[in-house]
Amino acid sequence: MGKKKQKTSRKTELKQLIQGLFFNDPKRTFNYKQVSGLLEVKKKTGRQQVQIILNELFESGYLTEVAAGKYKLLSRGSTLTGKVDMTATGSAYVVPDEENEGGDIFIPRNNMNQALHGDHVKVFMHARRRNRQPEGEIVEILKRKRETFVGVMQISRGYAFLVVDDRVMPHDIFIPPKALKGAKDGQKAIARIVEWPQRAKNPIGEVVDVLGDVGDNQTEMHAILAEFNLPYRYPQEVIDEAETINAEISPEEIKQRRDFREVTTFTIDPADAKDFDDALSLQKLDNGNWEVGVHIADVTHYVDTKSLLEKEAYERATSVYLVDRVVPMLPERLSNFICSLRPDEEKLCFSAVFEMDEQANVVNSWFGRTVIYSNRRFTYEEAQEIIETGKGDLADEVLTLDKLAKALRQQRFRDGSVDFERVEVKFNLDDKGKPLGVFFKESKDANKLIEEFMLLANKKVAQLIGNKELDKGHRAKAKTFVYRVHDVPNPDKFENFASFVRRFGYEAMPKGIETVSASLNRLLEEVKGKGEQNLIETLAIRTMAKAIYSTHNIGHYGLSFKFYSHFTSPIRRYPDMMVHRLLQHYLDGGRSVSEEEYEDKCEHSSDMEQRAADAERASIKYKQVEFMKDHVGEAFDGVISGVTEWGLYVEIIDNKCEGMIPIRDLDDDFYHFDEDNYCLVGRKYNRTYQLGDQLKVVLASANLEKKQLDFALAETDANSTK
């Protein structure tokens, strides 16, 4: 066995050397004798091996035979760069940076050359064979996606490995005894790869942090953050720098700002919020119109661009909201105290102030730095009670803003904004983080009131900088700005979606002069309250592009805004800090900034936002599994929420917990996956499991380590036929 392995690795090494020879001299021709001579292969068996490898490389499309026995790098082969998307088997696809004919490139496991999921790599693409997917080999790792990995320590008889949680890291990390940092067998830890010798199967690493015992809430939440390469603690020097910030507001500072301290102002936030980054003010003007102030915490007044705080905020780019905690972008002294718009305290703000008529038409806008004094802090529940009963503190102001918000909302949907209202899953947790129950958070009028004025401020700020129409009707080049953009739906995806919802008796395609967004709104209205609502809304969201940050404004399709930005949450989002600085710079008459520099910052912010969303989902999944593990063996009503070639995903109707029935457990037939119709179909009996079907399932197992629930069909469903 050992000899065979050694033989294989020698052949692999020789193959890599031969490929390197041709790759580094692409115009030259070599025969097997020349290759053997250059690589100093003298033995007869070695030369025979060279001949075999040359033939294999010719067969695979790496080399071409220009004359009998003479080979050259195939000119049709080419190199390109892209990102590795690894599969669970260890092979991968490389998604090219630039559009490539034939799409993604398949990389067999033995051609990975130590690249890992998410790495940015250079690929040699073999000449494409007819009707075959492009195939290639990774020849250089340009940038590792990550150097650190989370896992469980396995230590025995002087050997230690970090067994990595992530399915897309197919190798455990070998940890020498001197690099254990006190980690014990069975504990969760984070390790960094320090070297990966060419012929070694496993990388060699060192423990950089011991997270604690498996199953402990703190350990598991930190592990989720680390799994997505997100920070879970603040560097002490950053905390120290935050402590030195002077929170006093000088009379000189107030003189430079528009003073709103005498105008009725309040905040509306979740009951457990501490970082109040927006407040609303309201006053009646002499001409009968309303003046609504959208006041946003002036974070950039306190964070210097050259400070450690700035560097940390940029790196994090966003606060992360896990099930049981917020991991703030800025240290608590800033996010919960100095910048938080707490009641009965003077606060510095950056504001968007609108003069509106009774129909919520914006007559005038003003943007600039202000000082405010919040009269009241409302929770969403308190504000909702005022809206419903008409009674309570500042009832007139709350009701007026509610009326204006409803007019804004109505107009937004008339203009084509898509009305997505997804259910949010929340948990009742005990003081140790153990989930005691699941509940669903619903968006009511109080939430929508805040939402509409935030949308208005974000839109108007982007419009101010981006909408540059000249008198003669020509568009001037707008100054570089940070936009929140959202592309139109992919037509193919939308057509598949429309064809699927027809099975439920709905029509998603536009009728007559209807736009796609109007047809989506019609559909979303029709499914409200129906059993399939959650499923159809989920699929509708999947057909949409993802919203990202960019300096290239293409508008926001979902909101139907030509100009949109993020201005209203600088305590928890770095792009809003960029927007505040750019807005002030341009209000002061500044010149346009570097588009390239800000586009890089936008890309980083979009990437971190995605990671934060993934971590939030993972924390919800973990708590769902933790909640369900006491219910193994119990039966539940579920709905098929996903169909794949490896099984059915089922969501429990009562608590939205999702698990899987592996296809191997559907043993009454041989099932194949019908991708176009979102279903599994039995070949013999033609039984169909369709996305959206309701069925009864039994919880077979709950694996906290993998954040995975496994279901089995309940007897009633297993015995029934369609």
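Below, the structure is looked at part by part. This one's a predicted model, so the numbers in the text were calculated from it and none came from an experiment. For every chain, the first residue of the written sequence is number 1, and numbering continues from 1 onward in sequence order. With pLDDT at 70 or above as the cut-off, local features in this predicted model cover only qualifying residues; side-chain atom pairs require 80 or more to be listed or tallied, and sums for whole chains, interfaces and linings still use all residues. Hydrogens and waters are ignored; side-chain quantities use all the structure's heavy atoms.

**Quick notes on the pairing of strand S4 (residues 92-96)**
Worth spelling out the cut-off: Burial here depends on accessible area, computed with a 1.4 Å probe over protein chains only, as a share of the maximum for the residue type. Under 20% is buried, over 50% is exposed, and the range in between is partly exposed. Secondary structure elements are taken from DSSP: a helix is a run of H or I of four residues or more, a strand is a run of E of two residues or more, and numbering for both begins at the N terminus. A pair of strands counts as paired when DSSP detects no fewer than two bridges linking them.
By the alternation rule, side chains of S4 split into Ala92, Val94 and Pro96, which are all buried, and Tyr93 and Val95, of which none is buried. Sheet topology places strand S3 (residues 78-86) next to S4; five bridges connect them, and they run antiparallel. Looking at the pairing, Asp85 lines up with Tyr93 of S4. A loop of five residues connects S3 with S4, the two strands running antiparallel in sequence, and Gly90 in this loop sits at a positive phi of about 100 degrees.

**Some thoughts on the sheet that holds strand S20 (residues 362-373)**
Which entries qualify depends on this criterion: We call two residues in contact when some of their heavy atoms are within 4.5 Å. Orientation is described by axes fitted as lines to C-alpha atoms, over the contacting stretch for helices, and by angles from 0 to 180 degrees between their N-to-C directions.
Taken together, the seven strands give an open sheet; going across it, the order is S13-S20-S19-S16-S15-S14-S21, and neighbouring strands pair in mixed fashion. In this open sheet, the two edge strands, each paired with only one partner strand, are strand S13 (258-259) and strand S21 (376-379). Alignment of strand S16 (residues 290-297) against strand S19 (residues 346-356), held across eight bridges, turns out to be antiparallel. Counterpart to Val294 in the pairing with S19 is Ala352. Of the strands in this sheet, strand S14 (265-269) and S21 are in contact with helix H10 (residues 380-389), which crosses S21 at around 90 degrees.

**So, unusual backbone geometry**
Negative phi values dominate among residues other than glycine, just as trans dominates among peptide bonds. Phi at Asn113 is positive, roughly 50 degrees, even though this residue is not glycine. Within the secondary structure, Asn113 is located in the loop between strand S5 (105-107) and strand S6 (120-125). Of the residues examined, Asn113 reaches a relative accessible area of 25% and is grouped as partly exposed. Phi is positive for Lys656, which is not a glycine, with a value near 65 degrees. Looking at the secondary structure, you find Lys656 in the loop between strand S27 (647-652) and strand S28 (658-662). Judged by its relative accessible area of 19%, Lys656 falls in the buried class.

**Quick notes on the nonpolar core**
Condition: We define a nonpolar core as any set of buried Ala, Val, Leu, Ile, Met, Phe, Trp, Tyr and Cys residues linked to one another through side-chain atoms lying within 4.5 Å.
Counting residues in each nonpolar core, the largest one holds 101 residues, and the members touching the most others are Leu334, Met356, Leu449, Phe453 and Phe567. The leading source of residues in this core is helix H12 (residues 445-466), at ten residues. Each residue touching Met356, except ones within four places of it in the same chain, is listed here: Asn289, Trp290, Val292, Asn361, Val362, Leu404, Leu408, Phe453 and Leu456. Tyr506, Ala508, Leu524 and Val643 belong to the second largest nonpolar core, which has 40 residues in total.

**Some words on the packing of aromatic side chains**
Just so we agree on the cut-off: Note on aromatic contacts: the rings of Phe and Tyr and the six-membered ring of Trp form a pair at centre separations within 6.5 Å, being stacked when their planes are under 30 degrees apart, edge-to-face when over 60 apart, and tilted otherwise.
Tallying each qualifying case throughout the model produces 13 aromatic pairs. Centre to centre, the rings of Phe161 and Phe174 are 5.5 Å apart; their planes meet at 65 degrees, and the pair counts as edge-to-face. Remark: Phe174 occurs in strand S10 (residues 173-174) and Phe161 occurs in strand S9 (residues 159-164); sequence separation between them is 13 residues. Residue Phe161 is classed as partly exposed on the basis of its relative accessible area, which comes to 26%. When its relative accessible area of 23% is taken as the criterion, Phe174 is described as partly exposed.

**With respect to the sheet that holds strand S31 (residues 688-690)**
Hydrogen bonds along the backbone pair up the strands of a sheet, which may run parallel or antiparallel. The strand order across the open sheet built from three strands is S29-S30-S31, with neighbouring strands paired in antiparallel fashion. Looking at strand neighbours, the two that pair on one side only are strand S29 (671-674) and S31, the edges of this open sheet. For this sheet, the mean inter-axis angle between neighbouring strands, taken without regard to orientation, is 20 degrees. Relative to strand S30 (residues 679-682), S29 is paired through four bridges, and the arrangement is antiparallel. If you follow Tyr671 over to S30, its bridge partner there is Gly682.

**Remarks on the packing of helix H8 (residues 308-316) against helix H17 (residues 595-628)**
How we decide: Roughly parallel here means an angle under 35 degrees, roughly antiparallel means over 145, roughly perpendicular means 65 to 115, and every remaining angle is called oblique. Any residue that is not Ala, Val, Leu, Ile, Met, Phe, Trp, Tyr, Cys, Pro, Asp, Glu, Lys or Arg is counted as polar, Gly included; the first ten are nonpolar and the last four charged.
The contact between H8 and H17 brings their axes to 8 Å, and the two run at 60 degrees. As judged from the angle between their axes, H8 and H17 are oblique. Together, Tyr314, Glu315 and Arg316 of H8 and Asp600, Lys601, His604 and Met608 of H17 make up the contact between the two elements. For the contact of H8 with H17, the class distribution of residues is two nonpolar, one polar and four charged.

**Points about the pattern of salt bridges**
Quick reminder of the rule: Think of a salt bridge as a Lys or Arg side-chain nitrogen and an Asp or Glu carboxyl oxygen that are within 4 Å of each other.
Using the criterion set out here, one finds 41 salt bridges in the structure. Lys284 is the partner of Glu358 in a salt bridge, and the nearest nitrogen-oxygen pair spans 3.4 Å. Residue Glu358 is found in the loop between S19 and S20, and its partner Lys284 is found in strand S15 (residues 278-284); the two are separated by 74 residues along the sequence. In this structure, the salt-bridge partner of Asp324 is Arg325, at a minimum N-O distance of 2.9 Å. Judged by relative accessible area, Asp324 falls into the partly exposed class, the value being 26%. Shared partners join several salt bridges into a network, and the residues in it are Glu253, Arg257, Asp298 and Arg369.

**Section: helix H14 (residues 516-527)**
Cut-off, in case you're wondering: Between the first and last residue of a helix there are one fewer steps than residues, each counted as 1.5 Å, and that sum is the expected span.
The end-to-end C-alpha separation of H14 is 17 Å, in line with the 16 Å expected for twelve residues at 1.5 Å each. Those residues of H14 that fall on the buried side of the exposure criterion are Ser517, Ser519, Leu520, Asn521, Arg522, Leu523, Leu524 and Val527. Looking at the buried positions of H14, the neighbouring elements they touch are helix H11 (395-414), helix H13 (491-502) and helix H15 (533-543). Just downstream of H14, Gly529 is the residue with a positive phi angle, here 85 degrees.

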